[in-house]
Structure formats: C-alpha cells, structure tokens
Amino acid sequence: MAKKYGFGSAARTHLYVQIAFIGLFIYIILSFLSLLLPLLIPLIISFALAFFCNPLVSYLEKKKIPRTLGILIILLLVIALFTVFIIFIVPLLAKELKVFIGKIPGYSDQIKNWAIPWIESTFKTRLPNLRETANTITDRLSQDLSDIASQAYVPLRRIANFAAVGTFFIFSFVTTLFVIPFFTFFILRDFEKLKRIPGRLIPPRHWDNFNTMSHGLNDTLSSWLRGQIVVMMILGFLYSAGYSFVGITLSLFIGLITGFLAFVPYVGAFIGFLLAMSMALLDGGWTKILGVIFVFSLVQTLDAFFITPNVLGKSVGLNPAIVVIALIGFGIIWGFWGALVAVPMAAIINVIVRHFYINYKNSVYFNRID
C-alpha cells in the first residue's frame, strides 16, 4: 500500500517539487520587476491612487454620474489639491528656509560659544582641536548655505544650472507626473474588472480560500491606505500649527515631516520631536523648549486616544518591530520607494502568512492523530 504521508510518499514529493517551482517563479518575477523599477514605481502609485479613489468613483456612479465623468472629477480634485499645495504651502516653506538661513550665523555662534564649552565643562576635558575644527565646519556650513540661499532666489540661474546637469532627471520627473494620472484613469475605469481577474484564474475548489484571503487583503489595505493618509494630514496640520504658535524656526517644515513620517510607528514621532527640540534649543529660551514638549505631548495624546482609533479603526495588526524591519529590508532593496511601500507590503505578507497558518492548523495533516 502506497504511503499517503511522509518523505517517501509520491504526493509529498510532488508537493516539494511544486513549492520549489513556485519559489523559482517568484524569484524570476522579482528579478524581472527589479529591472523594470522605473516603470513599476508609477504603476504602484497609480494603483494606490486608484485603490484610494475607487470608493469615491463608485459613490458618484451610484448617484447616476457616468464612471468616466466621475473619474475625471475625482482626478481633477486630486490635481487641484496638489496645485493648492504647490501654490500656498511651497512658498511658505521657501520663506521658512530663507529665515532659517538668515539665522545660521547666530546658530553657528551658539554652537561655538555655548555647546562646545558645555561639553568640555560637563565631561571635565578638552578635546584637541575640537574648538578649531568646529569653527571651521560651522563657518564653512554657514557660507555654503548662504550661497545656496542667494542662488535659490535667482530662478533662471537655478533652472539653467540644474537643466545642464539634470536633464534626464527633469525628463523622468515630468514623464512620471504625466504617466501617473494616465495610468490612474485607465485603472479606475476598469477597476471592477481588474478585481475579478485573479478570481477567474483560481480553480473552483480554491475559491473559498481565495475569497477569504482577498477580502482580508482588501480590508487591511483599505484600513491602512485611506486611514493613514487622513491621519498624516491631520497630524501634519496639528504639529505645524502648534510649532508655529510656539515660534520655532522651520515649524511648517517640521510639522509636515512629522505628519508624513506618521506611517512609521514611534519612529516618525521621535524624528519630528528631535527636529523640533533641536530648533527650540538653537532658537534659545526655556519657553520654546517647554512649548515644543507641550505641543508634542498634546498631539501624541490626541493621536493615541482619538485620531488614530477613530480614523483608522482596525489597525494593520503589525508589531512596531516588524514595521521597522520591513522598512529597513525594503529600503535596502528599493531605496526610498521601498521604504515608502514597506508597511503595506508587510501588511499584505502578514495577511497571507496568517491565512496559510489558519489553513495549516485546520488541515488534515496537522490534526491527524496517528
């Protein structure tokens, strides 16, 4: 009688061969995608935008608005929001940068006259040439940033210099800006059809498992993508407004950075707080330091007890340590863009692993007692 289980069975050997072929197929696909990364990035962004906008398009469709017209309306709203950001927020950031650069000489004097003596007196030592080295570095940094500032307000000169050395980058950037709305439009137009394609490729005997896993993936990505964008916007506004009220330099920039990094649990908040405290120390005065601490504590409390629970609802279900590992791993593979998609990719992997774990626990092989 042939063995049904164990290393000697034909079924088990066939299963191992299948796993090996699947692993090889995944490796080939990932290698191929790494070569097409310049095209893959706009596609990923387009799919993310389509996934985010599809419920709004479907809502307009239920209101008897043709889907094509609804897509154009939503895309125009997205472009309008982006335009508003460029017109109103970017000039404010440029103004903050100008103010910051103007304060660099004062910051340089503080570092030379306060920070270095404090280090030497606290640790009861004098490091050789530390003061001279710091003087050289801060003076050079001040001069370089001042030069950058003077050039930044001569647009034609900046554009000419940049175009001379970065023509390919400009072409790629403009192309990407055109390609993303183009891809997003056609993905949204056929979004419902695209959702049904994977199911048609699944054998009928696996439909139940596939539907369970796909619904889990959809719920997880929906919770993360739509909710996280709203959370990032709210936190960016609150931090920017709070730090502006306190009066620290680069308050808008630091607030937006903190909000943008909110998708990284703890790490984003820590980086934002470190930047804000650094500027408060450089600006001087215990009032600004205490103000930064108050704003950070208040916004973090609101985020922990009200904003994230109510906006996100169900969390992605990832341990913060796993999130950091995913950020580092995807960052090593794909750089900045890898870090940007690390959390949703980790969430997808988490759902898939959990699904297979449940199936394994319910399998005949696991529950066999002989």
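Residues numbered from 1 in each chain as written. Predicted model: local features only at pLDDT ≥ 70, side-chain atom pairs only at ≥ 80, totals over all residues. Heavy atoms only, no water.

Peer 1: How do you make sense of the overall build of the chain when you look at a structure like this?
Peer 2: Along its length, the chain carries 13 helices and 0 strands. When the 370 residues of the chain are sorted by exposure, 28% land in the buried category. Long-range pairs, those at least 24 residues apart, make up 67% of the contacts in the chain with a sequence separation of at least 6. (Helix = DSSP H or I, 4+ residues; strand = E, 2+ residues; numbered from the N terminus. Buried < 20%, exposed > 50% of the residue type's maximum accessible area, 1.4 Å probe, protein only. Contact = heavy atoms within 4.5 Å.)

Peer 1: Can you walk me through helix α9 (residues 267-283) in this structure?
Peer 2: What sets the pattern is the α-helix's 3.6 residues per turn: residues three or four places apart point alike. The terminal C-alpha atoms of α9 lie 24 Å apart, and with 17 residues this matches the ideal 24 Å at 1.5 Å per residue to within 8%. Among the residues trailing α9, Gly 284 stands out with phi positive, at a value near 85 degrees. (Expected span 1.5 Å × (residues − 1).)

Peer 1: Explanation requested: the environment of Gly 272 in the structure shown.
Peer 2: Structurally, Gly 272 can be placed in helix α9. Its relative accessible area of 0% is what places Gly 272 among the buried residues. For Gly 272, the residues in contact, after removing those within four places along its chain, are Ile 254 and Thr 258.

Peer 1: Is there a simple way to explain the side chain of Thr 249 in this structure?
Peer 2: Tracing the chain through its elements places Thr 249 in the loop between α7 (207-246) and α8 (251-260). Judged by relative accessible area, Thr 249 falls into the buried class, the value being 5%.

Peer 1: Looking at this model, I keep getting lost on the confidence of the model for the chain. Mind explaining?
Peer 2: In low-pLDDT segments, the atomic positions of the prediction should not be examined closely. Of the residues in the chain, 74% reach a pLDDT of 70 or more, and the chain-wide mean stands at 75. In this model residues 152-166 is a low-confidence stretch, pLDDT under 50, and it forms 9 contacts with partners more than four residues away in sequence or in other chains. (pLDDT = per-residue confidence, 0-100.)

Peer 1: Help me out: how do you make sense of a nonpolar patch on the surface in this one?
Peer 2: A cluster of nonpolar side chains, contributed by Val 267, Phe 270, Ile 271, Leu 274, Leu 275, Val 324, Ile 328, Ile 332 and Ile 333, occupies part of the molecular surface with about 820 Å² of accessible area. When residues of the nonpolar patch are traced back to their parent elements, those giving at least two are α9 and α11 (320-340). Here the element with the most residues in the nonpolar patch is α9; it accounts for 5 residues. For Ile 328, the location among the structural elements is in helix α11. (Patch = residues over 30% accessible without salt bridge, like charges linked within 9 Å, V, L, I, M, F, W, Y side chains within 5 Å. Areas by Shrake-Rupley, 256 points an atom, 1.4 Å probe, with all protein chains shown as cover. Salt bridge = Lys/Arg side-chain N within 4 Å of Asp/Glu carboxyl O.)

Peer 1: Quick question: what am I supposed to make of the packing of α7 against helix α12 (residues 342-361) here?
Peer 2: In helix packing, the relevant descriptors are the interaxial angle and the interaxial distance, both defined with respect to the helix axes. The contact between α7 and α12 brings their axes to 10 Å, and the two run at 150 degrees. As the angle between them shows, α7 and α12 are arranged roughly antiparallel. Crossing of α7 against α12: the hand is right-handed. On α12, the residues touching Asn 209, Thr 212, Met 213, Gly 216, Leu 217, Thr 220, Leu 221 and Trp 224 of α7 are Val 343, Pro 344, Ala 347, Ile 348, Val 351, Ile 352, His 355, Phe 356 and Asn 359. Within the contact of α7 with α12, the residues separate by chemical class into 11 nonpolar, 6 polar and no charged. (Axes fitted to C-alpha atoms, helices over the stretch in contact; angles between N-to-C directions. Parallel < 35°, antiparallel > 145°, perpendicular 65-115°, else oblique. Left-handed = near helix turned anticlockwise from the far one by under 90°. Nonpolar A, V, L, I, M, F, W, Y, C, P; charged D, E, K, R; others polar.)

Peer 1: In this structure, what is going on with the packing of α8 against α9? I would like to understand it.
Peer 2: In contact at an axis separation of 8 Å, α8 and α9 are set at 165 degrees when each is read in the N-to-C sense. As summarised for this structure, α8 and α9 are arranged roughly antiparallel, according to the angle between their axes. Considering the relative orientation of α8 and α9, their crossing is right-handed. Contacts between α8 and α9 involve Ile 254, Ile 257 and Thr 258 from the former and Gly 268, Ala 269, Gly 272, Leu 275, Ala 276 and Met 279 from the latter. Looking at the contact of α8 with α9 residue by residue, the classes come out as 6 nonpolar, 3 polar and no charged.

Peer 1: Where do I start with the pattern of salt bridges in this structure?
Peer 2: Between side chains of opposite charge, a pair can form when the charged atoms approach closely. A complete count under the given rule lists 1 salt bridge for this structure. A salt bridge links Glu 61 to Arg 67; its shortest N-O distance comes to 3.0 Å. Here Arg 67 falls in the buried class, since its relative accessible area comes to 12%.

Peer 1: Looking at this model, I keep getting lost on α8. Mind explaining?
Peer 2: Among all positions of α8, only Ser 251, Leu 252, Ile 254, Gly 255, Thr 258 and Gly 259 are buried. For α8, the angular spread of buried residues about the axis comes to 165 degrees, placing them on one side. (Arc of directions from axis to C-beta.)

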